[in-house]
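Residues per chain, in single letters:
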Amino acid sequence: MAKVELKGIGKIYDGNVRAVTNANITIEDGEFCVFVGPSGCGKSTTLRMIAGLEDISEGKLLIDNKEMNDVPPKDRDIAMVFQNYALYPHMTVYDNMAFGLKIRKMDKEEIRRRVNEAAKQLDLEKYLMRKPKALSGGQRQRVAVGRAIVREPKVFLFDEPLSNLDAKLRVSMRAEIADLHNKSLESGKKTTFIYVTHDQIEAMTLGDKIVVMKDGIVQQIGAPLYLYNNPINKFVAGFLGTPPMNFLTVKVVEKNGKIVCDEGSFEVVPSADHQKRLKAYVGKEVFFGIRPEDIEYTEKSSDNAMQMKITAKEPLGAETHLYLTTPKGQKVIAKTTANATFRLGETVSLVPNMSKAKFFSMDEGEVNIVEDIKKEW
């Protein structure tokens, strides 16, 4: 059980290369926190500073209210699961899982109990005498997780543990990791999980809390659905969601006392809730954001209808993704039902759900300009 706090944490490499800047993150006891962002955003570096594998250049790291900046990794009561499994090829599964406990000179019976318990939990009992080369990628990853489990640490750290697995295995392993966390809560141990990934689906499905990072800077922290529905800026809005949010450049104008957003080939009218905020942007261009699932096809003339040409389509079984282009050349993705019939090159009329629309400034930061976003950090 451990609360992890990062207070103004920063990492600067030789040559004044800054990897992480002023990270302020609180991860509560027993919480599942996911660091997510594109490659090079600083998420793995942040995790490695928590693990003690990277020196902290600035700020303080606290675990259970104790400063850990200069505490060796072995004394932090953490266990880490790596992307490449990091198993000893000459050792059996049992010995791989038991190795850390043997180093600590733990009682043999206690080692056996912990390894067998972890093997049962991860369905590895029949593989204990095999060596890693005789296992599949998913089985090796379970061994790496089992090696962490047997240590019974206060904090689990996962550094992109599923990125080497195929799509089907990623889904099943994701469920196993979520189940592992739930069991720790049910048992009363409340182990804290910190997980790094570039995959926003993993972040959305696993995390109690998500930390979105870009260029070494924390962009937003919060519950998955809160961030999905209330992104603080254009980057967060575009990073969370599959397919990603559409962004169209529009000009804010006032017509007959009402705010209208003009794309050049069509106009959309913001909801009543957004009208007041957008009034300050009259005469300026902004980004109009709408998610693919919030766009509907219509055969009738309708307010806010957007005329677009279909350039590609992806039938996915349960649904179809349409790739479209406006007459001004702006790109849009829309979700439709699987039985809808569309032809490539056809011009269709689509209507956005304006109550779900987002608007972002075009200045530095590209912030959400129509909603008050609570900052949880």
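Residues numbered from 1 in each chain as written. Predicted model: local features only at pLDDT ≥ 70, side-chain atom pairs only at ≥ 80, totals over all residues. Heavy atoms only, no water.

### Let's talk about the nonpolar core
Judged by nonpolar contacts, the single largest core of 49 residues is most densely connected at Met97, Val115, Val145, Phe158, Tyr195 and Val212. Residues within four places of valine 212 in sequence aside, it is in contact with Val36, Ile217, Val218, Gln219, Gln220, Leu227, Phe235, Val236 and Leu240. Counting residues in each nonpolar core, the second largest holds 30 residues, with Leu6, Ala51, Met80 and Val211 among its members. (Core = buried A, V, L, I, M, F, W, Y, C linked by side-chain atoms within 4.5 Å. Buried < 20%, exposed > 50% of the residue type's maximum accessible area, 1.4 Å probe, protein only. Contact = heavy atoms within 4.5 Å.)

### A look at the packing of aromatic side chains
Aromatic rings in a pair are described by how distant their centres are and how their planes are angled relative to each other. Evaluation of the coordinates by the stated rule reveals 11 aromatic pairs. Arranged with centres 5.5 Å apart and planes meeting at 25 degrees, the rings of phenylalanine 288 and phenylalanine 359 form a pair that is stacked. On the criterion of sequence distance, the pair formed by phenylalanine 288 in strand β14 (residues 285-290) and phenylalanine 359 in strand β20 (residues 358-360) is long-range, its members being 71 residues apart. In terms of burial, phenylalanine 288 and phenylalanine 359 fall into one category: buried. (Phe/Tyr/Trp six-rings, centres within 6.5 Å; stacked < 30°, edge-to-face > 60°. Helix = DSSP H or I, 4+ residues; strand = E, 2+ residues; numbered from the N terminus.)

### Observations regarding the environment of glutamate 296
Take glutamate 296: it is sitting in strand β15 (residues 295-298). Apart from residues lying up to four places away in sequence, glutamate 296 is in contact with Ser349, Leu350 and Val351.

### Description of the sheet that holds strand β3 (residues 32-36)
In space, the 6 strands of this open sheet follow the order β6-β7-β8-β3-β9-β10, with mixed pairing throughout. Strands at the two margins of the open sheet, each flanked by one partner only, are β6 (78-81) and β10 (217-222). Geometrically, the sheet is characterised by an average inter-axis angle of 15 degrees between neighbouring strands, direction not taken into account. Taken together, the 4 bridges between β3 and strand β9 (residues 209-214) define a ladder with parallel strand orientation. Across the sheet, the residue bridging to valine 34 is isoleucine 210, located in β9. Those strands touched by helix α5 (residues 167-186) are β3, β7 (155-159) and β8 (192-197), and its axis lies near 165 degrees from that of β8. (Pairing = 2+ DSSP bridges. Axes fitted to C-alpha atoms, helices over the stretch in contact; angles between N-to-C directions.)

### Some thoughts on the packing of helix α2 (residues 93-103) against helix α3 (residues 108-121)
α3 packs onto α2 with a crossing angle of 135 degrees between their chain directions and a minimal axis gap of 10 Å. With respect to α3, the element α2 is oriented oblique. Helix-helix and strand crossings are classified by hand; for α2 and α3 the assignment is right-handed. Contacts between α2 and α3 involve Tyr94, Met97, Ala98, Leu101 and Lys102 from the former and Ile111, Arg112, Arg114, Val115, Asn116, Ala118 and Ala119 from the latter. Of the residues belonging to the contact of α2 with α3, the class tally is 8 nonpolar, 1 polar and 3 charged. (Parallel < 35°, antiparallel > 145°, perpendicular 65-115°, else oblique. Left-handed = near helix turned anticlockwise from the far one by under 90°. Nonpolar A, V, L, I, M, F, W, Y, C, P; charged D, E, K, R; others polar.)

### What to know about the pattern of salt bridges
Think of it this way: side chains of opposite charge can pair up when their charged atoms draw near. Counted by the stated rule, this structure contains 22 salt bridges. Lysine 154 serves as the salt-bridge partner of aspartate 64, at 3.1 Å between the closest nitrogen and oxygen. Of this pair, aspartate 64 sits in the loop between β4 (58-63) and β5 (66-67) while lysine 154 is found in the loop between α4 (137-149) and β7, placing the two residues 90 residues apart along the sequence. Given a relative accessible area of 27%, aspartate 64 falls into the partly exposed group. One salt bridge in this structure joins lysine 356 and aspartate 294, with 3.9 Å as the shortest N-O distance. Taken together, the positions of lysine 356 in the loop between β19 (347-352) and β20 and aspartate 294 in the loop between β14 and β15 put the pair 62 residues apart, joining distant regions of the chain. In this structure lysine 356 comes out as partly exposed when scored by relative accessible area, which is 42%. Within this structure, Glu110, Arg113, Arg114, Glu117 and Glu152 form a network of salt bridges that share partners. (Salt bridge = Lys/Arg side-chain N within 4 Å of Asp/Glu carboxyl O.)

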